[in-house]
Amino acid sequence: MRFTRLVLILCSLVTATGASAQQPAAAQPPQRAIVNVTGQLYRAQNNNHYTVFLVTPDGVIMSDPINRDFGRWLKAEIATRFKVPVRYVLYTHRDWDHASGGVVFADTAEFVGHVNMLAALAPPAGNPPLPADAVKIDANRNGLVERSEAAGQYSDRFAMFDYNRDGVLSAAEIARGSVSDVHPPTVTYTDRHTVTLGGKRVTMTYLGSAHADDSSVLHFPDERAVFSADILQVRRLPGGLAPTVGSWIDALTTITALDFEHALTGHALSGTKKDAMQSLQYLLDISKGVAAGIAAGRSLPEIQKTLTLDAFKGFERWDTIREAHIAAVYATIAGARPSASTGQR
Ligand SMILES: [Zn+2]
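Below, the structure is looked at part by part. Small disclaimer: the values here were computed from a predicted structure and weren't measured. Within each chain, residues carry numbers counting from 1 in the order of the written sequence. Per-residue local features of the predicted model are confined to residues with pLDDT of at least 70, and side-chain atom pairs are confined, for both listing and counting, to 80 or more; whole-chain, interface and lining totals are unaffected and use all residues. In computing side-chain properties, one takes all heavy atoms of the structure into account and sets aside hydrogens as well as water.

**A closer look at the side chain of D275**
Part 1: A run of H or I in DSSP counts as a helix once it spans at least four residues, and a run of E counts as a strand once it spans at least two, with each numbered from the N terminus. Tracing the backbone through its elements, the reader meets D275 in helix α9 (residues 273-295).
Part 2: Burial classes follow relative accessibility: with a 1.4 Å probe on protein chains only, a residue under 20% of its type's maximum area counts as buried, one over 50% as exposed, and anything between as partly exposed. In this tally, Asp and Glu contribute negative charge and Lys and Arg positive charge; neither His nor the terminal groups of the chain are included. Throughout this description, the term salt bridge denotes a Lys or Arg side-chain nitrogen within 4 Å of a carboxyl oxygen of Asp or Glu. The side chain of D275 sits in the buried core without any salt bridge; R235 is the nearest counter-charge, 5.2 Å away.
Part 3: Counted as a polar contact is a pair of N or O atoms within 3.5 Å, where, for protein atoms, one must be capable of donating a hydrogen and the other of accepting one, and residues adjacent in sequence contribute only when both atoms are in side chains. A polar side-chain atom of D275 sits 2.8 Å from the main-chain amide nitrogen of T272.
Part 4: Between two residues, a contact is recorded if the distance between any of their heavy atoms is within 4.5 Å. Each residue touching D275, except ones within four places of it in the same chain, is listed here: Q233, V234 and R235.

Here is the structure:
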């Protein structure tokens, strides 16, 4: 049976009649949808985050759970529509905004992630410095963020940072990140790993150190599709080029070496292999442009002014992030440490 591209479900939460006009923005129901990509492969949306799932006669292979609330919704949708359980959750990487909430599927699923996910999810250790945004809110200057001091991301996700649930965030807990609701992988791999179920295959390939050191690209060979969150983008520049532009070139080279037509992303637009090739081209062009500028004796501000990368003008974030990318590449090539840009997606 062929499935046409269609939106199956738009919204899951029903607001009480007449109440929505009075609600503050935070009470808006999340925008959710399930769209068929090809065959039995679907892309599911939770606001600006996306995951994918493949339906087989023996169950579902899905990627990131995103969060518990979305996971519960997706689990119910899959059960209603396809009458099979989720058998595998394949993680793209450990970041809280993609990997949280997997426990919802723990009754039926195996969880697969790159082996570096285990270290990232290990208990907080060491004595790192408090990051600048935490120093700013540490009113009593005791090097900790108490619940009463918490603001911004620390108040939004206090419980997800507070590993030992003592009501106080240590620098080590902050360095570990708000990953307390990430269900750890039950199966890990190092270079490449294939999951088979119901006559279907999905292969995970390690992407190296770009963005996070535990990133995987999922390849659906029969559907000729790939899924990658945060590294693969369509007509959208990366949030940051940490740790180096070279690591990003390596990751996009690994992705584009796969055989696919559908380029499925964790945020915003999806596209085709041509889009993935353009993302790689951006990285090559910015590297070449910065290197040429340095060789010609130009300063960073001069390079930022002249290296406009006009071929990517229509890309999301071209106007807001290009100069920061140039600065990061400049720092790498000039041998300085690139400025920290963790948490960028
Ligand atoms: Zn991420």
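**Observations regarding the coordination of the zinc ion**
Part 1: Each protein donor to the zinc ion is listed here as H93 (NE2), D95 (OD), H211 (NE2) and D230 (OD); together their distances run 2.0 to 2.1 Å.
Part 2: Considering all 4 donor atoms around the zinc ion, the spread of angles at the metal, 90 to 169°, places the coordination shape in the irregular class.
Part 3: Donor criterion used throughout: N, O or S atom within 2.8 Å of the metal, extended to 3.2 Å for Na, K and Ca. Water excluded; incomplete-looking sites may result. All donor residues of the zinc ion come from one chain, and their arrangement in sequence is H-x1-D-x115-H-x18-D.
Part 4: Given the relative accessible area of 0%, H93 is considered buried. Between 85 and 135 degrees for all angles marks four donors as tetrahedral; over 155 degrees for opposite donors together with 65 to 115 for all other angles marks four donors as square planar and six as octahedral; every other arrangement is irregular.

**A short note on the sheet that holds strand β15 (residues 271-272)**
Part 1: Any two strands are treated as partners once DSSP identifies two or more bridges connecting them. One open sheet holds the 6 strands; their spatial order is β10-β11-β12-β13-β14-β15, and the pairing between them is mixed. Looking at strand neighbours, the two that pair on one side only are β10 (192-197) and β15, the edges of this open sheet.
Part 2: Both strand β11 (residues 200-206) and strand β12 (residues 216-220) contribute to a ladder of 4 bridges, which runs antiparallel. Each bridged residue has a counterpart across the sheet, and for M204 the counterpart in β12 is L218.

Treat this as a map of the structure, not an account of what it does.
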